[in-house]
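Chain by chain, the residues run as shown.
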Amino acid sequence: PLALRGAWGLLRRGSFRLPAPRPRQHYLPFGGKLALTGYQAPSTWQSGETARVALRFLGLRPIVLDHVVSVRVDGTDRVPGPSDSVPALGAIPTYKWIRGSRVDDIHLIPVLPAPGGRGVAGRGQLVVGLYDAFTGQALMPLDERIARLGLAGVPLQAVLIAEPR
């Protein structure tokens, strides 16, 4: 049995539950300048529709270069190519970020229908990366596991492409 009085002598009413961690929370710094702190993306994408990928970034220090966020799906030809854009649909370029900036970045990614109508469902890997807008040089993630693989992008999750019924 728990005591009736908890921390600071406050009266307890009912049971306490610790909040569950939110799914898909991360803290992955890129080049020591900014960090990916979370994302939302469906695990199943419908063929012929548009998938929404929401990224959340945190500025770790003032940034003097303009970086582009690149979201792509590797391993399938059903997604036409990467979705590259300045963060926040172009509204908040990274050279305006200061320490503590929190920026939500949305990418709308079209999913191509199967050739000839109905086809087999596909699988892919959702990957996010950043690069310098002028030189094209990748901003490397500061994670030793990803660095060992030599990847400029970070694999976030597997994606299943489903056919309409």
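The structure contained in this document is the topic of the report that follows. (Residues numbered from 1 in each chain as written. Predicted model: local features only at pLDDT ≥ 70, side-chain atom pairs only at ≥ 80, totals over all residues. Heavy atoms only, no water.)

### A word on the overall build of the chain
- When helices and strands are tallied, the chain shows 1 helix and 10 strands.
- Taken across its 165 residues, the chain has 39% of its residues classed as buried.
- Relative to all contacts within the chain whose residues are 6 or more apart in sequence, the contacts with residues 24 or more apart total 70%.
- Element-wise, carbon and sulfur atoms account for 57% of the exposed surface of the chain, whose accessible area totals about 10,400 Å². (Helix = DSSP H or I, 4+ residues; strand = E, 2+ residues; numbered from the N terminus. Buried < 20%, exposed > 50% of the residue type's maximum accessible area, 1.4 Å probe, protein only. Contact = heavy atoms within 4.5 Å. Areas by Shrake-Rupley, 256 points an atom, 1.4 Å probe, with all protein chains shown as cover.)

### Description of the side chain of Lys33
- Note that Lys33 resides in the loop between strand S1 (25–30) and strand S2 (34–40).
- Buried and unpaired, Lys33 has no salt bridge, with Asp132 as the nearest side chain of opposite charge at 6.3 Å.
- Ignoring any residue separated from it by four or fewer positions in sequence, one finds Lys33 in contact with Gly59, Leu60, Arg61, Ile63, Leu65, His67 and Leu139. (Lys, Arg positive; Asp, Glu negative; His and termini not counted. Salt bridge = Lys/Arg side-chain N within 4 Å of Asp/Glu carboxyl O.)

### A few points about the pairing of strand S5 (residues 67–74)
- With 6 of its 8 residues buried, S5 lies for the most part within the structure.
- Where S5 lies against strand S8 (residues 122–132), 8 bridges are found, and the strand directions are antiparallel. Paired with Val68 across the strands is Tyr131, a residue of S8.
- With 3 bridges connecting them, S5 and strand S6 (residues 83–85) associate as antiparallel partners. Among the inter-strand pairings, Val71 is bridged to a residue of S6, identified as Ser83. (Pairing = 2+ DSSP bridges.)

### Side note on the environment of Leu139
- Turning to its location among the elements, Leu139 is positioned in strand S9 (residues 138–139).
- Beyond its immediate chain neighbours, meaning those up to four positions away, Leu139 contacts Phe30, Gly31, Lys33, Leu34, His67, Leu130, Tyr131 and Ala152.

### Concerning the pattern of salt bridges
- Applying the stated criterion across every chain, the model contains 2 salt bridges.
- Between Asp104 and Arg56 there is a salt bridge, and its shortest N-O distance comes to 2.6 Å. Placement of the pair is Asp104 in strand S7 (residues 102–110) and Arg56 in strand S4 (residues 50–59), with a sequence separation of 48 residues.
- Given a relative accessible area of 41%, Asp104 falls into the partly exposed group.
- On the basis of relative accessible area, Arg56 is assigned to the partly exposed category, the value being 40%.
- For Arg72, the salt bridge is made with Asp74, and the minimal N-O distance between the two is 3.0 Å.

### A short note on the pairing of S2
- Counting buried residues in S2 gives 6 out of 7 residues, a clear majority hidden from the surface.
- In the sheet, S2 pairs with S4 via 6 bridges, with the strands oriented antiparallel. Opposite Leu36, over in S4, you have Phe57 as the bridge partner.

### Regarding unusual backbone geometry
- Positive phi, close to 60°, is recorded for Ala88, a residue that is not glycine.
- For Leu89, which is not a glycine, the phi torsion comes out positive at approximately 55°.
- Among the secondary structure elements, Leu89 is positioned in the loop between S6 and S7.

### Description of the packing of aromatic side chains
- Tallied over the entire structure, the rule returns 1 aromatic pair.
- Taking 6.3 Å as the distance between ring centres and 45° as the angle between the ring planes, the aromatic pair formed by Phe57 and Trp97 counts as tilted. In this pair, Phe57 is assigned in strand S4 and Trp97 in the loop between S6 and S7, connecting sequence segments 40 residues apart. (Phe/Tyr/Trp six-rings, centres within 6.5 Å; stacked < 30°, edge-to-face > 60°.)

Scope: geometric values only; no functional claims are made or implied.
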